[in-house]
Amino acid sequence: MEHPENDDKYIGLTVNSGVTQPPVVNPYLKRHRKKRIPTASEMVEGIIKGDVTMLSRGVTLVESLNHDHQILAQEIIEKCLPYSGNSRRIGITGVPGAGKSTSIDAFGLHVLKQGGKLAVLAIDPSSERTKGSILGDKTRMERLSVHPSAFIRPSPSAGSLGGVARKTRETIVLCEAAGYDNIFVETVGVGQSETAVHSMVDFFLLIQLAGTGDELQGIKRGIMEMADGIVINKADGDNIDRARLAQAQFRSALHLFPPTQSGWKPEVLTYSGYYELGIDEVWKMIDRYFEHVKSNGFFDRQRSEQAMYWMYETIDDRLKSDFYRNPEIAELLTQKEARVLSNRQSSFTAARDVLDIYFNSILKK
Ligand code: GDP
């Protein structure tokens, strides 16, 4: 083989030709390399024993778009359900740079010091583009990622926000069955994803920053209303006074909100995730919340409502995807679009016609 590097002008550099590789090192190994997928019962047995490899494989099936994997995943989820529910589910949100990963690392270690196991999951609406980068890089949680009692899983990457969120909710079931008694669900603070996380957690923590002068700007009212706790991060060094000021502003803003359904008054605290200041106070607040909602029955009521929410979400999702994936409907929609755009038919009668045809075709089946 010719190597251009061996030209005289590159003095001192010689490249030797490599050795041609045999086509297969060991044909026997290659044939047997593909792992057999364990049965649902084998997986469930492993998951309940806390086998992390089985848990990861189960989650991979939950996230898979392959039809057969989905069927297997649903069977695993059903079988794990009786062992689930026994955890604190905590949602954590904040804009990029608010310090979510630094804080989760600190909060996580704090929780694990008290024993038990922690799973960190994520819902990242941008993951379709970035392939789950929000937690993809495990180095974001340096200490947790090497902790034997922590299970970190990046956001499922495929599909709509609803689809991604549903997979995370299903993953919660598997993690709980595997004995994870603390579940963190992280999301980046950009809007709709908070609603999705809120619908699957018991406590919703909003991480904020001080020092921008107009703290309350840019935070959607709806997100503040969902928060059970607002924590102002980076309350360290020169930033302590500004963090306290922000705390006062948030406290007075919260007074304007209607009382929460849980009867819990959301608290505002300052802390530093990086320097680990005030972590214990944040955790004590979360403990107080759980005592409060468990004693007044809101904890169970919220979980039941969430279970209903996900049932209807799943129905909505299935109906919609079945409708839009129907080739006959797709063609009809193209025709109707043209008619509506050229004012030959109204939007409403066009929609009615398409739906009538869809429902009739279902009835005939
Ligand atoms: P995320 O995008 O919300 O996950 O934020 P990161 O955890 O990656 O933090 C963003 C930046 O803020 C990083 O440079 C952190 O080192 C820094 N940071 C995080 N927490 C603190 C804190 O408590 N104090 C200070 N001073 N910096 C922090």
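Here the structure is shown first, and the text comes after it.
The structure presented is a predicted model; accordingly, all values stated were derived computationally and were not measured.

Caption draft 1: Representation of the environment of His147 in the model. Looking at the secondary structure, you find His147 in the loop between helix H7 (133-136) and strand S3 (150-152). As a C-alpha pair, His147 and Lys117 span 30 residues in sequence and 9.8 Å in three-dimensional space. Excluding its chain neighbours within four sequence positions, the residues that come into contact with His147 are Leu109 and Leu112. Looking at His147, its side chain comes within polar contact range of the main-chain nitrogen of Ser149, at 3.0 Å.

Caption draft 2: Highlighting the pairing of strand S2 (residues 118-123). The element S2 is extensively covered by neighbouring structure, given that six of its six residues are classed as buried. The alternating pattern of S2 places Leu118, Val120 and Ala122 and Ala119, Leu121 and Ile123 on opposite faces, both of which are buried. As paired strands, S2 and S3 are joined by three bridges and run parallel to one another. Note on S3: the bridge partner recorded for Leu118 is Ala150. With six bridges joining them, S2 and strand S4 (residues 182-188) adopt parallel strand pairing. Note that in S4 the partner of Ala119 across the bridge is Ile183.

Caption draft 3: Spotlight on the pattern of salt bridges. For the structure on display, the rule yields 12 salt bridges. Arg89 serves as the salt-bridge partner of Glu176, at 2.7 Å between the closest nitrogen and oxygen. Taken together, the positions of Glu176 in helix H8 (residues 161-177) and Arg89 in strand S1 (residues 88-94) put the pair 87 residues apart, joining distant regions of the chain. Among the residues examined, Glu176 registers a relative accessible area of 4% and is labelled buried. For Arg89, a relative accessible area of 8% puts it in the buried group. Taken together, the shared-partner salt bridges connect Asp105, Arg143 and Glu276 into one network.

The rules behind each value
Residues numbered from 1 in each chain as written. Predicted model: local features only at pLDDT ≥ 70, side-chain atom pairs only at ≥ 80, totals over all residues. Heavy atoms only, no water. Helix = DSSP H or I, 4+ residues; strand = E, 2+ residues; numbered from the N terminus. Contact = heavy atoms within 4.5 Å. Polar contact = N/O pair within 3.5 Å; in protein donor to acceptor, adjacent residues only side chain to side chain. Buried < 20%, exposed > 50% of the residue type's maximum accessible area, 1.4 Å probe, protein only. Pairing = 2+ DSSP bridges. Salt bridge = Lys/Arg side-chain N within 4 Å of Asp/Glu carboxyl O.

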